[in-house]
There are 2 protein chains.
Amino acid sequence: MSFQHVAIIGLGLQGGSIGLAVQACLPGVITTGYDRDPATRARAAERRLVQTVCETASEAVAGCDLVIFCVPLGAMGMAAEKVREALPAHALVSDVGSSKQVVAKALAEALPGHTVIPAHPVAGTENSGADAGFAELFRNRWCIVTPPPQTNLVKLSELVAFWEALGANVEIMDPEHHDLVLAVTSHLPHLIAYTIVGTASDLEEVTQSEVIKYSAGGFRDFTRIAASDPTMWRDVFLSNKDAVLTMLQRFTEDLTALQRAIRIGDGETLFNHFARTRATRRSIIEEGQDDARPDFGRADHSSAAD
Amino acid sequence: MSFQHVAIIGLGLQGGSIGLAVQACLPGVITTGYDRDPATRARAAERRLVQTVCETASEAVAGCDLVIFCVPLGAMGMAAEKVREALPAHALVSDVGSSKQVVAKALAEALPGHTVIPAHPVAGTENSGADAGFAELFRNRWCIVTPPPQTNLVKLSELVAFWEALGANVEIMDPEHHDLVLAVTSHLPHLIAYTIVGTASDLEEVTQSEVIKYSAGGFRDFTRIAASDPTMWRDVFLSNKDAVLTMLQRFTEDLTALQRAIRIGDGETLFNHFARTRATRRSIIEEGQDDARPDFGRADHSSAAD
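The residue numbers shown here count from 1 along each chain, following its written sequence. As they are written, the chains are lettered A onward and the ligands numbered 1 onward, keeping that order. At least 70 in pLDDT is required for a residue's local features to be given in this predicted model, at least 80 for side-chain atom pairs to be given and counted, and no such filter applies to totals for whole chains, interfaces and linings, which use all residues. Computation of side-chain values: all heavy atoms of the structure, hydrogens and water removed.

## Thoughts on the domain arrangement of chain A
All names here are of chain A. Parsing chain A into structural domains produces domain 1 (5-173) and domain 2 (177-294). Where each domain starts and ends comes from a domain assignment, either automatic or drawn from a database. Distance between the C-alpha centres of domain 1 and domain 2: 30 Å. Whether two residues are in contact is decided by their heavy atoms: any pair within 4.5 Å suffices. In this complex, domain 1 contributes 20 residues to the contact, which on the side of domain 2 involves 18 residues. The contact between domain 1 and domain 2 buries some 1500 Å² in all, and 56% of this surface belongs to carbon and sulfur atoms. Buried area, as used here, totals the accessible surface that two parts lose on assembly, with accessibility defined by a 1.4 Å probe and the loss added over both. The largest per-residue losses of area from domain 1 upon contact with domain 2 belong to Ser98, Glu126 and Met173, which jointly make up 33% of the total buried on that side. Any carboxyl oxygen of Asp or Glu that lies within 4 Å of a side-chain nitrogen of Lys or Arg is treated as forming a salt bridge with it. One can count one salt bridge joining domain 1 with domain 2. Note that glutamate 126 is salt-bridged to arginine 224, the shortest N-O span being 2.8 Å. Of all elements in the fold, only α5 (101-110) and β7 (142-145) reach the threshold of two or more residues within the side of domain 1 that touches domain 2. Lys, Arg, Asp and Glu make up the charged group, whereas Ala, Val, Leu, Ile, Met, Phe, Trp, Tyr, Cys and Pro make up the nonpolar group; the residues left over, Gly among them, are polar. In terms of residue class, the side of domain 1 that touches domain 2 is built from eight nonpolar, nine polar and three charged. Secondary structure elements are defined from DSSP: runs of H or I of at least 4 residues count as helices, runs of E of at least 2 residues count as strands, and each element is numbered from the N terminus.

Laid out in structure tokens, this is it:
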């Protein structure tokens with residue numbers, strides 16, 4: 001491994017998982033970390049998310065050759081500015097943010113002269129904070145690396161090797177295309193899940209207790225991603241506005257078409273639409289991107305049976 | 001148990017699960033079944049979903065004291081008519097359909113003189129057909145029973161006891177209210193999931209292969225319920241049109257408000273909305289209606305680790 005010392009700024013789900021994964025997969029590598037929240041630092045030290053939890057960001061990056069910013073998108077620039085003095089000139093700068101054009105700009109402006117190669121591991125759970133991370137988060141998940149034009153190819157291949165060492169499959173992508181792809185595979189699903197969970201909370205005719213009790217009819221699936229970190233997701237929508245609005249427009253058109261089919265009783269349109277979406281699920285399972293067991297392999301059925 | 005012989009019409013996920021559950025939980029009770037599809041009958045016999053798979057619906061209901069229709073909503077009336085001659089006069093008639101006003105009407109019209117008490121077990125997986133059923137499907141799930149006005153209370157309590165014997169918790173509800181509650185906890189989520197999976201399939205800028213690869217960002221959650229049986233769901237939307245359109249209208253208003261917040265960069269509105277939806281997830285887990293483990297306890301992380 002080309003990196004001897006990895007510094008992690010932000011010790012939540014992503015940062016904590018990277019720290020644990022480096023210690024598990026790259027045992028010779030030094031790990032340091034910092035989080036601006038003292039309680040997170042304390043818990044990160046207890047859980048040994050990194051070998052050394054530092055009291056300042058500058059301390060954490062001193063002597064590192066790779067720094068990964070794992071903070072909400074809106075905090076990237078400020079977090080990077082705080083390490084400007086202490087960051088070694090040769091250190092590679094990366095991140096894990098969910099939209100990439102904005103991050104590339106923020107990190108390059110805050111750390112002029114440094115090689116910046118943004119990345120986005122497409123992996124996570126609905127949990128956040130210092131208790132959420134685990135070493136296996138990136139295994140068999142994709143990590144999208146979005147090098148700016150004229151990126152040093154040696155540094156790029158080092159970053160790719162780093163993510164592969166943590167168990168991820170790496171794809172190189174143009175930042176603009178990344179933001180469009182993730183708008184549909186991640187941002188729009190989160191927006192819709194947040195919306196419907198909110199809608200269900202505000203009804204007058206149906207009580208909240210009824211929504212909870214009968215959530216196994218499908219609703220509960222949406223509540224998982226709607227339990228994700230609000231700060232992170234606010235920043236995702238603000239930072240990838242154009243692509244999200246584009247995808248939202250397509251979704252709304254399609255929803256309106258199905259709404260019309262329901263209103264006029266056009267069963268054929270409904271059936272044809274519902275019949276073709278099965279293939280997508282099958283492909284996701286075939287490519288190892290989801291659990292093949294019914295109901296995601298939820299414990300209800302099996303554990304309730306004993 | 002008051003029922004000595006239960007007949008099941010339709011041997012898919014629901015019918016097959018009831019057959020298996022009765023054999024597991026009520027060992028003295030006779031089970032017979034019928035499905036209009038010969039391949040389903042053959043597989044049902046192989047899997048012993050019921051003790052006797054009959055070649056006609058009339059044979060299946062002969063001598064029964066409870067018949068449960070487990071066919072798509074649009075097929076209820078016709079399926080019921082087929083057993084009119086053979087169904088014993090004292091036999092209780094029920095079903096498992098996802099909308100209840102339409103079913104109550106269809107069954108009452110097809111089987112005049114019989115006691116009809118519709119029911120809806122809020123339980124399922126994305127799988128359908130004779131291979132999908134399992135005995136534990138109803139354990140710790142709610143079954144909503146929607147008796148018409150002036151229902152015989154003895155028969156009602158017998159049906160409640162039946163579902164409780166299969167492991168379900170039973171709630172009595174007015175059919176109209178049922179249809180409104182399920183419109184939000186089940187029908188709207190399915191409609192939205194079907195829509196977004198369709199939207200993602202039709203994009204020109206993002207390939208289907210990219211949608212599959214990066215689906216772990218949230219999209220894959222929606223593909224599960226969008227893989228549900230198309231015939232069943234076509235009939236749900238056609239049969240619960242008014243309630244679904246009402247809920248869809250609320251959802252669209254809320255989505256439009258969030259869309260506007262994204263467009264004008266109103267981070268406060270986004271944050272406040274995203275922060276309050278977490279509580280719903282917490283309640284669902286506390287009430288035992290979902291798996292508390294991150295990511296529904298999906299196998300990716302743990303199984304990939306070995």
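## A closer look at the packing of aromatic side chains
The relation between two aromatic rings is expressed through the spacing of the ring centres and the mutual angle of the planes. Each pair of aromatic rings taken from Phe, Tyr and Trp, with Trp reduced to its six-membered ring, is defined by centres within 6.5 Å and is described as stacked if the planes are under 30 degrees apart, edge-to-face if over 60, and tilted in the remaining cases. As enumerated under the stated definition, the model contains 16 aromatic pairs over all chains in all. Taken together, Phe3(A), Phe138(A), Phe162(A) and Trp163(A) form an aromatic cluster joined through their ring pairs. Sitting above the plane of the Trp142(A) ring, Lys213(B) keeps its charged end 4.2 Å from the centroid. Here, a charge over a ring means that NZ of Lys or CZ of Arg falls within 6 Å of the ring centre while also lying within 35 degrees of the ring normal.

## Some points on the interface of chain B and chain A
Contacts between the two partners involve 110 residues from chain B, matched on the other side by 110 residues from chain A. If you sort the residues of chain B by the area they bury against chain A, Tyr214(B), Ile262(B) and Phe274(B) come out on top, with a joint share of 7%. Taken together, the connections running from chain B to chain A amount to 14 salt bridges. The partner of Asp290(A) in a salt bridge is Arg220(B), and the shortest N-O contact between them spans 3.8 Å. In protein, a polar contact requires one atom able to donate a hydrogen and another able to accept it; more generally it is a pair of N or O atoms within 3.5 Å, and residues adjacent in sequence count only if both atoms are side-chain atoms. Put simply, chain B and chain A have 44 residue pairs in polar contact (both at pLDDT 80 or more) between them. By residue number, the principal contributor to the side of chain B that touches chain A is helix α7 (residues 175-201) of chain B, which donates 20 residues. Its residues placed into classes, the side of chain B that touches chain A shows 51 nonpolar, 30 polar and 29 charged.

## Focus: the pattern of salt bridges
Close approach of charged atoms lets side chains of opposite charge pair. In total, this model carries 38 salt bridges over all chains according to the counting rule given. Among the charged side chains, a network of salt bridges with common partners joins Glu126(A), Arg224(A), Arg281(A), Asp290(A), Arg220(B), Asp221(B), Asp295(B) and Arg298(B).

## Some details on the relation of the copies chain B and chain A
For this overlay, a least-squares fit was computed on C-alpha atoms, restricted to residues scoring pLDDT of at least 70 in both copies. Expressed as a screw operation, the relation of chain B to chain A combines 0.0 Å of axial shift with a rotation of 180°, fitting to an RMSD of 0.0 Å. The superposition operator between the copies reduces to a two-fold rotation axis. Both copies present the same face, since 100% of the interface residues in chain B are matched by interface residues at the equivalent positions in chain A.

## Details of helix α1 (residues 13-25) of chain A
Residues and elements named next belong to chain A. Taking 1.5 Å per residue, 13 residues should reach 18 Å; α1 reaches 18 Å between its end C-alpha atoms and fits that length. The element α1 is largely enclosed, with a buried count of 10 among its 13 residues. Each residue is placed in one exposure class: buried if its accessible area under a 1.4 Å probe, protein chains only, is under 20% of its type's maximum, exposed if it is over 50%, and partly exposed if it falls in between. Listed as buried for α1 are Leu13, Gln14, Gly15, Gly16, Ser17, Ile18, Gly19, Leu20, Ala21 and Val22. Buried positions along α1 lie against β1 (5-9), β2 (30-34), α2 (38-47), β4 (66-69), β6 (119-121) and α6 (153-165). Residue count minus one, scaled by 1.5 Å, sets the expected span of a helix.

## Thoughts on the sheet that holds β2(A)
Residues and elements named next belong to chain A. The strand order across the open sheet built from five strands is β3-β2-β1-β4-β5, with neighbouring strands paired in parallel fashion. Bordering the open sheet on either side are β3 (52-53) and β5 (92-95), each of which pairs with just one other strand. A strand pair is defined by DSSP finding two or more bridges across the two strands. Two strands pair when backbone bridges link them, and β1 and β2 are joined in this way by five bridges, in the parallel orientation. Directly across from isoleucine 9, in β2, lies its bridge partner tyrosine 34.

## Looking at the UniProt feature "domain: Prephenate/arogenate dehydrogenase" (unreviewed entry) in chain A
Feature annotation in UniProt assigns "domain: Prephenate/arogenate dehydrogenase" (unreviewed entry) to the following positions: residues 4-292 of chain A. Helix makes up 52% of residues 4-292 of chain A and strand 11%, whereas the separation of the span's terminal C-alpha atoms amounts to 38 Å. UniProt positions are given in the numbering used here, feature names are shortened, and annotations may be inferred rather than shown by experiment.

## A few points about the sheet that holds β6(A)
Residues and elements named next belong to chain A. In spatial order, the strands read β6-β7-β8; together these three strands make up an open sheet with mixed pairing. In this open sheet, the two edge strands, each paired with only one partner strand, are β6 and β8 (169-172). Taken over all neighbouring pairs, the strand axes of this sheet differ in orientation by 20° on average, direction set aside. Inspection of the sheet shows β7 paired to β8 by four bridges, in the parallel sense. By the bridge assignment for β8, cysteine 143 is matched with valine 170. In this fold α6 packs onto β6, β7 and β8, with an angle of close to 150° to the strand it touches most, β8. Note on geometry: axes are C-alpha line fits, over the in-contact stretch for helices, and angles between N-to-C directions span 0 to 180 degrees.

## Quick look at empty space enclosed by the protein
Empty space among the atoms becomes visible once a probe the size of a water molecule is rolled across them. For cavity detection a 1 Å grid was placed over the protein atoms alone, and a set of points counts as a cavity when a 1.4 Å probe fits there but cannot get out; an open set counts as a pocket when protein lies on both sides within 12 Å along at least five of seven lines, with lining residues being those that have an atom within 4 Å of a point. Grid points are joined across faces, edges and corners, and a volume is the space filled by probe spheres set on the points. Counted according to the given criterion, the structure contains one cavity of 30 Å³ or more. Taken as a whole, the largest cavity spans an internal volume of roughly 40 Å³. In this structure, the largest cavity is lined by Asp221(A), Phe222(A), Ile225(A), Asp221(B), Phe222(B) and Ile225(B). Elements with a contribution of two residues or more to the lining of the largest cavity: α9 (219-225) of chain A together with α9 (219-225) of chain B. The residue inventory of the lining of the largest cavity, partitioned by class, reads four nonpolar, no polar and two charged.

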